[in-house]
Amino acid sequence: MKFGYYPGCSLHATAREYSESLLTLVDALDVELEEVEDWACCGASSAHSTNHLLGVALPARTLAIAEGQGMENIVAPCAACYGRLAGAAHEVNADPALKEKVAGILERPLDNTPEIINVLAFLQQLLPVIQDKITKPLEGVKVACYYGCLLVRPHKVTQFDDPEQPESMEQVCAAVGATPLAWNKRIECCGAGFSLSRTGSVIRLGREILDDARAAGAELVVVGCPMCHSNLDMRQGAMNKGQAGADDLPVLYITELVGLALGLDPKAMGLHRHYVSTKPLLDRLSTALVASEGKVS
Amino acid sequence: MTHHEHGPALTREIRSRTGIEPARCYQCGKCTAGCPMAMEMPTRIQQIMRKIQQGREELLEDPSIWICASCEQCSGRCPQEVEPARLIDALRELSMERAPGSAPRRIGAMHRAFLKQVKLNGRMFEVGLVVGYKLRSGAMTDDVEAAPGMMVRGKLALVPTRIKGLDEIRRIFEACEPRRGADEETP
């Protein structure tokens, strides 16, 4: 299987483990990702927040290049990039005058915009292959699936899952043997791009999310967004400080979790790059795995 | 049919930029109820919607419009499909053009520093972003302890990656320049 691929800026830097786990995983699944040539930043929140046309034109350039490469779809693992690419595709398709204007700015044809696929839809499509390759099912691992905002919203753009009660991440986690928990903060915002410019808000929102996940009995939080990850992982020290019962709660990319069930090397997937150590979890998993393997033999 | 001509100037401007009729909002308050940033906003989203209907120009200088995290919860839940998050974007765009400098210093600094990097490299360069942000915001000592941790984890590139199509990126920025007025430091 082959998909178009837009890594986005975060996967080359702060979300390096997201890139490493995704690429390790697709390699194990014999899935090929063809990168959009010379892709540029999607503009993230800064473009659409300050200049609407720029917020459409920047991601539209990626759509046009992918179209030129003959891509039918583009996998965008970063939820924010996904939102911008899918949003731009939605806007130009809904407004012929805008489409013409943007194509004129780009000086590129913009006709058949490819389908934009988020990480959850991507993994759902691959589930049959994934399930064939599970060597270490994550039995008994209690996970809190955290969607945040842009994997499911706005629904008219994403046309994906139920925006209020999504199930796709739980389905992927359950398919690799984990136990997804019912909890309340699955689609609440983590503060997104305010990590630097309004850190206090990110701490407040992240603390509420983590507290709720802990109360539900989670031993880890699963995410599909570099901003959610950096806010909940890198800022977790500040969130937990002085809070009774606020034990470290590892935050894993969905690609890392699936990779673990496939027995892929945690280091190759970048699990050592997290701020909240994943080691206790990995130790516990390997103990449990050894025990279950013992039972089998 | 959308009537672009009726109502106060600000209402007309927002309607024409977004194609959304602000008058459709009937003040149910669902947007504010689900807003994660409401408690930090001097003017909450339901009140912002009312002020758009009333054409209250002071909205362009209200920090509340910048405190929105663009989480899209309000747009998803609005029973009238007025898309408050889209209207907030239009308010911010207008604010950049007509009331430059009214964004809270750090948030404005972040947006300018972010777009500057995109214009320079075609992609984000985090070290450049942080330096640019600190110079603009004056928040020189924030997070100084975070950098070594990011280096150790291999999460910071030391040199920017520049795309080949930089001319095209710069052309896009130029073509998207605001219609009138501009922030003194439009990236």
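Criteria and cut-off values
- Residues numbered from 1 in each chain as written.
- Chains lettered and ligands numbered in written order.
- Predicted model: local features only at pLDDT ≥ 70, side-chain atom pairs only at ≥ 80, totals over all residues.
- Helix = DSSP H or I, 4+ residues; strand = E, 2+ residues; numbered from the N terminus.
- Rg over C-alpha atoms; globule rule 2.2 N^0.38 Å.
- Contact = placed C-beta atoms within 7 Å.
- Buried ≥ 20, exposed ≤ 12 C-beta atoms within 10 Å, placed from the backbone.
- Domains from an automatic or database assignment.
- Pairing = 2+ DSSP bridges.
- Right-handed = clockwise from strand over helix to strand, strands pointing away.
- Core = buried A, V, L, I, M, F, W, Y, C linked by C-beta atoms within 7 Å.

**Student:** Any chance you could explain the overall build of chain A here in plain terms?
**Tutor:** When its secondary structure is counted, chain A shows 13 helices and 8 strands. The C-alpha radius of gyration computed for chain A amounts to 19 Å, which stays within 12% of the reference 19 Å derived for 297 residues, consistent with globular compactness. Each of the three principal axes of chain A carries a C-alpha extent, and together these read 60 × 45 × 30 Å. Intrachain contacts of chain A at a sequence separation of at least 6 include 80% that bridge at least 24 residues.

**Student:** What is the right way to read the overall build of chain B from this model?
**Tutor:** Per the secondary structure count, chain B includes 10 helices and 0 strands. Reading chain B from its N terminus to its C terminus gives the helix and strand order α-α-α-α-α-α-α-α-α-α. Overall, chain B is about 55 × 35 × 25 Å in size when its C-alpha atoms are taken along their principal axes. A total of 187 residues make up chain B; the buried ones form 42% of that total.

**Student:** Could you clarify how one ought to interpret the environment of Gly245 of chain A in this entry?
**Tutor:** Residue and element names in this part refer to chain A. Relative to the elements of secondary structure, Gly245 occurs in the loop between helix H11 (236-240) and strand E8 (251-253). On the basis of neighbour counts, which here come to 8 C-beta atoms within 10 Å, the residue Gly245 falls in the exposed class. Put simply, Gly245 and Met1 are 244 residues apart on the chain and 45 Å apart in space, counted from C-alpha to C-alpha.

**Student:** Before we go on, may I ask you to explain the interface of chain B and chain A in this structure?
**Tutor:** Contacts between the two partners involve 46 residues from chain B, matched on the other side by 41 residues from chain A. If you list the elements that add at least two residues to the side of chain B that touches chain A, you get helix H5 (73-77), helix H6 (84-98), helix H7 (105-121), helix H8 (126-137) and helix H10 (166-175) of chain B. At 8 residues, the largest contribution of residues to the side of chain B that touches chain A is made by H7 of chain B.

**Student:** It is not clear to me how the domain arrangement of chain B should be interpreted in this structure. Could you clarify?
**Tutor:** Size of an interface: often given as the accessible area lost when the parts come together. Domain annotation of chain B identifies domain 1 (9-98) and domain 2 (105-175). One C-alpha centre belongs to domain 1 of chain B, the other to domain 2 of chain B, and the line joining them spans 28 Å.

**Student:** Got a minute to help me understand the pairing of strand E7 (residues 220-223) of chain A in this structure?
**Tutor:** Residue and element names in this part refer to chain A. Alternating positions in E7 separate into two faces, Leu220 and Val222 on one and Val221 and Val223 on the other, with burial throughout. In this structure, strand E5 (residues 142-145) lies alongside E7, joined through 3 bridges in parallel fashion. Following the sheet pairing, Ala144 is matched in E7 by Val221. Direction of pairing for E7 relative to E8: parallel, over a ladder of 3 bridges. Bridge assignment links Val223 to a residue of E8, and that residue is Tyr253.

**Student:** Would you explain the pairing of strand E1 (residues 2-5) of chain A in this entry?
**Tutor:** Put simply, side chains in a regular strand alternate between the two faces of the sheet. Residue and element names in this part refer to chain A. Inspection of the sheet shows E1 paired to strand E2 (residues 32-35) by 4 bridges, in the parallel sense. Looking at E2, one finds that Phe3 is bridged to Leu33. Crossover E1 to E2 through helix H1 (residues 16-28) is right-handed. Sheet topology note: the E1/strand E3 (residues 73-75) ladder contains 2 bridges and is parallel. Counterpart to Tyr5 in the pairing with E3 is Val75.

**Student:** Quick question: what am I supposed to make of the sheet that holds E5 of chain A here?
**Tutor:** The strands that make up a sheet pair up through hydrogen bonds in the backbone, lying either parallel or antiparallel. Read from one edge of the open sheet, 4 strands run E6-E5-E7-E8 (chain A), paired in parallel fashion. At either end of the open sheet lies a strand with only one pairing partner, and these are strand E6 (179-180) and E8 of chain A.

**Student:** Help me understand the nonpolar core in this model?
**Tutor:** Generally speaking, nonpolar side chains in soluble globular proteins are found buried as a group. Residue and element names in this part refer to chain A. Counting residues in each nonpolar core, the largest one holds 152 residues, and the members touching the most others are Ala57, Ala60, Ile74, Leu85, Val221, Val222 and Leu257. The element contributing the most residues to this core is helix H3 (residues 52-68), with 10 residues. For Ile74, the residues in contact, after removing those within four places along its chain, are Gly4, Tyr5, Tyr6, Val36, Ala66, Leu85, Pro114, Ile116 and Ile117.

**Student:** Would you explain helix H12 (residues 254-261) of chain A in this entry?
**Tutor:** Helical periodicity: at 3.6 residues per turn, an α-helix aligns residues three or four positions apart in one direction. All names here are of chain A. In terms of burial, H12 is a largely internal element, 8 of the 8 residues being buried. Along H12, the residues that are buried comprise Ile254, Thr255, Glu256, Leu257, Val258, Gly259, Leu260 and Ala261. Remark: Gly263 follows H12 within two positions and exhibits a positive phi of approximately 75°.

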